[in-house]
Amino acid sequence: MPEFNISVMPGDGIGPEIMEQALRVLEKIAKKYSHKFNYETVYIGGCSIDKFGKPITADTIATVLSTDALLFSAVGGEKWDNLPQNMRPEAGLLEIRKAISGYANIRPIKVFPAMETFSTLKAEVISGIDIVIVRELVSGIYFGEPRGVVKLPDGVRKGFNTMSYKDYEIERIAKVAFSFAQKRRKKITSIDKANVLDVSTLWRDVVSEVHKDYPDVALDFMYVDNAAMQLVRNPSQFDVILAGNIFGDILSDEASMITGSLGMLPSAAIGGNVGMFEPVHGSAPDIAGKAIANPVAQIVTTAMMLRYGLGLEAEANAIENAVDKTLEKGYRTPDIFKNGNKKVDTIQMGDAIIEEI
Ligand code: IPM
Ligand code: MN
């Protein structure tokens, strides 16, 4: 029987509740396809701060690096909001991303067929949207040096970060984007701010060089401000969006609203030592512990883990199809509930999806 070792990070807020449902779904897959999944549950974020005094420990990182894939949920909450930047829950997330060095963050933006009327955009604008955002995840302004807040001799305080990319960092993420585009509609929109930023000039040059190896893919460049506008004006013009760390972060939140719920979208970080899989949404502390959180993003994230982390394509499809069918049947957690739907809680949503599998 094929065996896989999976690191599990339930994290904070709604994390543990939605992770529980994702693991139930995985166990259903294990049974149906005769696999064995072994789990290493480890701390990250606020719960790690409470237990070990920091958002992630060296032991945790070592454990993750020894497994086949990392399934992550969410971190953060008000309790830890006033800690210094490098002690906050988010710092743990950035540290594990860096340690794994999964530089390619794949964020598919798809409208679930049953939910076309849920978006704040008109149904005809979003119909059939199928976009993949390929976001650089381990460099750019998130990690660039120098950074900090200092007091200048004249008493003025200055805060600064550095948006920097080396050519090979741009090259490797561009290659991932082009190879995704080749398997799709063969179109890339590369995002930058080349009218202002030097780093964007290099970004454009390197992406153009990589393009020479993928002549069948059409490449466009777009300034990030224009892209933000085009995403709500006419999102179906996009196939693969290639972006650096912060531009990809911002555009993926925007793009998620095309689909109507941030609570539905998965992501994968690949190219590193271990694949890391996380929902796009956060820890939603305001609804934690009430059993009303939507587990769909965590469950489809688990499907992405099976596909890109463990090479189990049929199993991934089984989960995604079950989610589609469950939504078609009208099951909804409160965040996506409308009149006429069947309102369910976190666990019942898990039940309904497992039933479909
Ligand atoms: C995301 C999140 C993170 C990011 C935060 C929590 C550090 O917004 O995964 O998009 O900015 O990358
Ligand atoms: Mn984000």
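Provided above is the structure to which this section pertains.
Please read all numbers here as calculations on a predicted model, not as lab measurements. (Residues numbered from 1 in each chain as written. Chains lettered and ligands numbered in written order. Predicted model: local features only at pLDDT ≥ 70, side-chain atom pairs only at ≥ 80, totals over all residues. Heavy atoms only, no water.)

**So, unusual backbone geometry**
In this structure, proline 146 follows glutamate 145 across a cis peptide bond, with omega equal to 0°. Structurally, proline 146 can be placed in the loop between strand S5 (130-136) and strand S6 (148-151). One non-glycine residue, serine 34, lies in positive phi territory at about 55°. Mapped onto the elements of the fold, serine 34 is located in the loop between helix H1 (15-33) and strand S2 (36-41). Within the chain, serine 101 stands out as a residue other than glycine whose phi angle is a positive 50°. Exposure remark for serine 101: the relative accessible area of 29% places this residue in the partly exposed category. (Helix = DSSP H or I, 4+ residues; strand = E, 2+ residues; numbered from the N terminus. Buried < 20%, exposed > 50% of the residue type's maximum accessible area, 1.4 Å probe, protein only.)

**Quick look at empty space enclosed by the protein**
Taken as a whole and assessed by the stated rule, the structure comprises one cavity of 30 Å³ or more. Taken as a whole, the largest cavity spans an internal volume of roughly 100 Å³. Every residue lining the largest cavity is counted, 13 residues in all, and those nearest its centre are Met163, Tyr165, Trp203, Gly244 and Phe247. At the level of secondary structure, the elements contributing two or more residues to the lining of the largest cavity comprise strand S8 (187-192), helix H7 (198-211) and helix H9 (245-258). Here the residues of the lining of the largest cavity sort into eight nonpolar, four polar and one charged. (1 Å grid on protein atoms, 1.4 Å probe; cavity = no way out; pocket = protein on both sides within 12 Å on 5 of 7 lines; lining within 4 Å. Points joined across faces, edges and corners; volume = space filled by probe spheres on them. Nonpolar A, V, L, I, M, F, W, Y, C, P; charged D, E, K, R; others polar.)

**Overview of the pattern of salt bridges**
Scanning the model with the defined rule gives 15 salt bridges in all. Linking arginine 185 and aspartate 239 is a salt bridge whose minimum nitrogen-to-oxygen distance equals 3.9 Å. You can see arginine 185 sitting in the loop between helix H6 (167-182) and S8 and its partner aspartate 239 sitting in the loop between helix H8 (224-233) and strand S10 (240-243), a full 54 residues away along the chain. Arginine 185 gets classed as partly exposed once you look at its relative accessible area, which sits at 43%. Aspartate 239 sits in the buried class, given a relative accessible area of 1%. With a shortest N-O distance of 2.4 Å, glutamate 356 and lysine 329 are connected by a salt bridge. Residue glutamate 356 is located in helix H12 (residues 346-356), and its partner lysine 329 is located in the loop between helix H11 (313-328) and strand S13 (331-332); the two are separated by 27 residues in the primary sequence. (Salt bridge = Lys/Arg side-chain N within 4 Å of Asp/Glu carboxyl O.)

**What to know about the sheet that holds S5**
Here 10 strands make up an open sheet; going across it, the order is S2-S1-S3-S12-S11-S4-S5-S10-S8-S9 and the pairing mixed. Each edge of the open sheet carries a strand with a single partner, namely S2 and strand S9 (218-223). Across this sheet, the average inter-strand angle for adjacent strands is 25°, counted without regard to direction. Sheet topology note: the S8/S10 ladder contains three bridges and is parallel. Considered in S10, the bridge of isoleucine 188 is made with valine 240. Against the sheet, H1 contacts strand S1 (3-11), S2 and strand S3 (69-74), and its axis sits at roughly 165° relative to S1. (Pairing = 2+ DSSP bridges. Axes fitted to C-alpha atoms, helices over the stretch in contact; angles between N-to-C directions. Contact = heavy atoms within 4.5 Å.)

**What about a nonpolar patch on the surface?**
Taken together, Val150, Leu152 and Val156 make up a surface patch of nonpolar side chains, about 200 Å² in accessible area. Its place among the elements puts leucine 152 in the loop between S6 and strand S7 (157-160). We classify leucine 152 as partly exposed; its relative accessible area is 30%. (Patch = residues over 30% accessible without salt bridge, like charges linked within 9 Å, V, L, I, M, F, W, Y side chains within 5 Å. Areas by Shrake-Rupley, 256 points an atom, 1.4 Å probe, with all protein chains shown as cover.)

**What to know about the site of ligand 1**
Taken together, the neighbourhood of ligand 1 is formed by Glu90, Leu93, Arg97, Arg107, Arg135, Tyr142 and Asp249. Arginine 107 places a side-chain nitrogen or oxygen 2.9 Å from an oxygen atom of ligand 1. Within the side chain of tyrosine 142, one N or O atom sits 2.5 Å away from an oxygen atom of ligand 1. Contact with the protein chains covers 76% of the free accessible surface of ligand 1, which is 320 Å². At a threshold of 2 Å from the grid points, most atoms of ligand 1 map onto the largest pocket. Considering each element in turn, the shell around ligand 1 owes the most residues, three residues, to helix H4 (residues 89-100). Looking at the shell around ligand 1, its residues break down into two nonpolar, no polar and five charged. Residue contributions to the shell around ligand 1 reach at least three from each of two domains, namely domain 1 (1-102 + 266-357) and domain 2 (120-259). (Near = heavy atom within 4 Å. Polar contact = N/O pair within 3.5 Å; in protein donor to acceptor, adjacent residues only side chain to side chain. Sits in = over half its atoms within 2 Å of the grid points. Domains from an automatic or database assignment.)

**Concerning the side chain of glutamine 298**
Structurally, the position occupied by glutamine 298 is in helix H10 (residues 296-309). Residue classification places glutamine 298 among the buried positions, given a relative accessible area of 0%. For glutamine 298, the contacting residues outside a window of four places in its chain are Ile18, Met19, Ala22, Leu71, Phe72, Ser73 and Pro279.

**Quick notes on the packing of H1 against H11**
Packing of H1 against H11 brings their axes to within 11 Å, and their N-to-C directions diverge by 130°. One finds that H1 runs oblique with respect to H11. The crossing of H1 and H11 is right-handed. Two secondary-structure elements touch here, H1 through Val25, Ile29 and Tyr33 and H11 through Ala314, Glu315, Ala318 and Ile319. Classifying every residue of the contact of H1 with H11 by side-chain character gives six nonpolar, no polar and one charged. (Parallel < 35°, antiparallel > 145°, perpendicular 65-115°, else oblique. Left-handed = near helix turned anticlockwise from the far one by under 90°.)

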